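Here is what each chain is made of, one letter per residue.
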Amino acid sequence: MREFFKRVEDDGSEIYIESDMSAYGYSERYSWLFSVFIKFDADKNSKDSFEEFLETKEALIIAIEHEGSAKYVGSRVVDGWNELYFYAEDSKALNTIVSKMLSNSGYVYESNVVKDAKWDFHYKHLVPSELESAHIQSEKIIFLLEEEGDELSKPRIVEHYVSFATPTQKERFLETLSLDGFSFKDEISSDDFENGLALVKEHAVTENEVKQVVEELFEVLKKEQGYYEGWSTTLANDDSE
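Residues numbered from 1 in each chain as written. Predicted model: local features only at pLDDT ≥ 70, side-chain atom pairs only at ≥ 80, totals over all residues. Heavy atoms only, no water.

Peer 1: What is the right way to read the environment of M21 from this model?
Peer 2: Mapped onto the fold, M21 is located in the loop between β2 (14-20) and β3 (32-39). In this structure M21 comes out as partly exposed when scored by relative accessible area, which is 28%. Sequence-wise, M21 and G74 are 53 residues apart; in three dimensions their C-alpha atoms are separated by 8.8 Å. With near-sequence residues (within four places) excluded, M21 lies in contact with M1, E3 and P128. (Helix = DSSP H or I, 4+ residues; strand = E, 2+ residues; numbered from the N terminus. Buried < 20%, exposed > 50% of the residue type's maximum accessible area, 1.4 Å probe, protein only. Contact = heavy atoms within 4.5 Å.)

Peer 1: What exactly am I supposed to notice about the sheet that holds strand β9 (residues 196-203) here?
Peer 2: Two orientations exist for strands paired in a sheet by backbone hydrogen bonds: parallel and antiparallel. Strand order in the open sheet formed by four strands is β8-β9-β7-β10, and the pairing between neighbours is antiparallel. If you trace the sheet from one side to the other, it starts and ends with β8 (183-188) and β10 (226-233), each paired once. Mean inter-strand twist for the sheet, computed between neighbouring axes without regard to direction, equals 30°. The sheet contact formed by β8 and β9 spans five bridges and is antiparallel. (Pairing = 2+ DSSP bridges. Axes fitted to C-alpha atoms, helices over the stretch in contact; angles between N-to-C directions.)

Peer 1: Looking at this structure, I do not really get the packing of aromatic side chains. What am I missing?
Peer 2: Both the distance between ring centres and the angle between the ring planes are used here to describe each pair of aromatic rings. One pass over the structure, following the stated rule, counts ten aromatic pairs. Taken together, a centroid distance of 4.5 Å and an interplanar angle of 40° make the contact between Y85 and F121 tilted. Note that Y85 is positioned in strand β5 (residues 81-88) and F121 in helix α3 (residues 120-125), a separation of 36 residues in sequence. Geometrically, the ring pair formed by F164 and F173 is tilted, given 5.2 Å between the ring centres and 40° between the ring planes. The class for F164 is buried, based on a relative accessible area of 3%. Each member of the aromatic cluster is reached from another via a ring pair, and the members are F40, F50, F53 and Y107. (Phe/Tyr/Trp six-rings, centres within 6.5 Å; stacked < 30°, edge-to-face > 60°.)

Peer 1: Sorry, what's going on with the side chain of S31 here?
Peer 2: Its place among the elements puts S31 in the loop between β2 and β3. For S31, a relative accessible area of 14% gives the class buried. Residues within four places of S31 in sequence aside, it is in contact with Y87, A88, E89, V114, K115, D116 and A117.

Peer 1: Please clarify how a negative patch on the surface should be interpreted in this entry.
Peer 2: On the surface, a cluster of negative charge is made up of E139, E146, E147, E148 and E207. No other element matches the three residues that helix α4 (residues 130-147) contributes to the negative patch. If you trace the backbone, E146 turns up in helix α4. Of the residues examined, E146 reaches a relative accessible area of 46% and is grouped as partly exposed. (Patch = residues over 30% accessible without salt bridge, like charges linked within 9 Å, V, L, I, M, F, W, Y side chains within 5 Å. Areas by Shrake-Rupley, 256 points an atom, 1.4 Å probe, with all protein chains shown as cover. Salt bridge = Lys/Arg side-chain N within 4 Å of Asp/Glu carboxyl O. Lys, Arg positive; Asp, Glu negative; His and termini not counted. Charge placed at Lys NZ, Arg CZ, Asp CG, Glu CD.)

Peer 1: Looking at this structure, I do not really get the layout of surface pockets. What am I missing?
Peer 2: The computed volume of the largest pocket comes to approximately 620 Å³. Looking at the lining of the largest pocket, the elements that each hand over two or more residues are β1 (2-8), β2, α1 (47-67) and β4 (70-78). Element by element, the count of residues in the lining of the largest pocket is highest for β2, at five residues. Its residues placed into classes, the lining of the largest pocket shows twelve nonpolar, four polar and eight charged. If you add up the space inside the second largest pocket, you get close to 330 Å³. Together, 16 residues line the second largest pocket, and K6, H135, E139, E207 and K211 are the ones closest to its centre. Looking at the lining of the second largest pocket, the elements that each hand over two or more residues are β1, α4 and α6 (207-223). A total of seven residues in the lining of the second largest pocket trace back to one element, the largest contributor, which is α4. (1 Å grid on protein atoms, 1.4 Å probe; cavity = no way out; pocket = protein on both sides within 12 Å on 5 of 7 lines; lining within 4 Å. Points joined across faces, edges and corners; volume = space filled by probe spheres on them. Nonpolar A, V, L, I, M, F, W, Y, C, P; charged D, E, K, R; others polar.)

Peer 1: Honestly, the environment of Q169 in this entry has me stumped. Any pointers?
Peer 2: Within the secondary structure layout, Q169 lies in helix α5 (residues 167-175). Separated by 57 residues in the primary sequence, Q169 and G226 place their C-alpha atoms 7.6 Å from one another. Sequence-distant contacts of Q169, defined by excluding residues within four places in its chain, comprise F164, E224 and Q225. Within the structure, Q169 has its side chain in polar contact with the backbone nitrogen of A165 (distance 3.2 Å). (Polar contact = N/O pair within 3.5 Å; in protein donor to acceptor, adjacent residues only side chain to side chain.)

Structure, rendered in structure tokens:
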């Protein structure tokens, strides 16, 4: 399953990342990191050429996986370069496959293969952080609300779920809860996590508003060794509340 997210670097630059979340299962088998950089700036090209590029990208992924005994693990878009990353069983034939696919394509490209048995590059540059994963889940909920015709800018009660490794951490968090607008609703527990809490706050569910609220809560949680588990709400025009 591929996930897409945006990462803001320390210098303020934005990197758009696609990550295959099922890649972990291949780490013991594949030890060579193979990268293919293709120059294509979507902001400077037409929609038709972008679709053509996507077709080329997917065809290249299929060829490298099937012919090169490799696993596609994700990509990054940086300064007009589309960086595709694979892990392979060995380094043979990989560059040859790329050359066959791209030499007459008209794209400027380069490729490289290095040993990375511990998958250091993958974990550092392609895997979403805990906070980035929270934003990915938020975007999915917002998308579903939009599909239902929800008025995202309309404030409503939103439940946010948090958990802790121990009951002591949970109680300490509750005792010091002073986040603006947040209040305690209920204690929760499930197969996925124990020592959970449901907190509520009234706010809009636009992307920017949710991101701000989640990051505010996340920062406080980390100080108490807590975990953010997501949020839920009802449609703004739902009269069932």
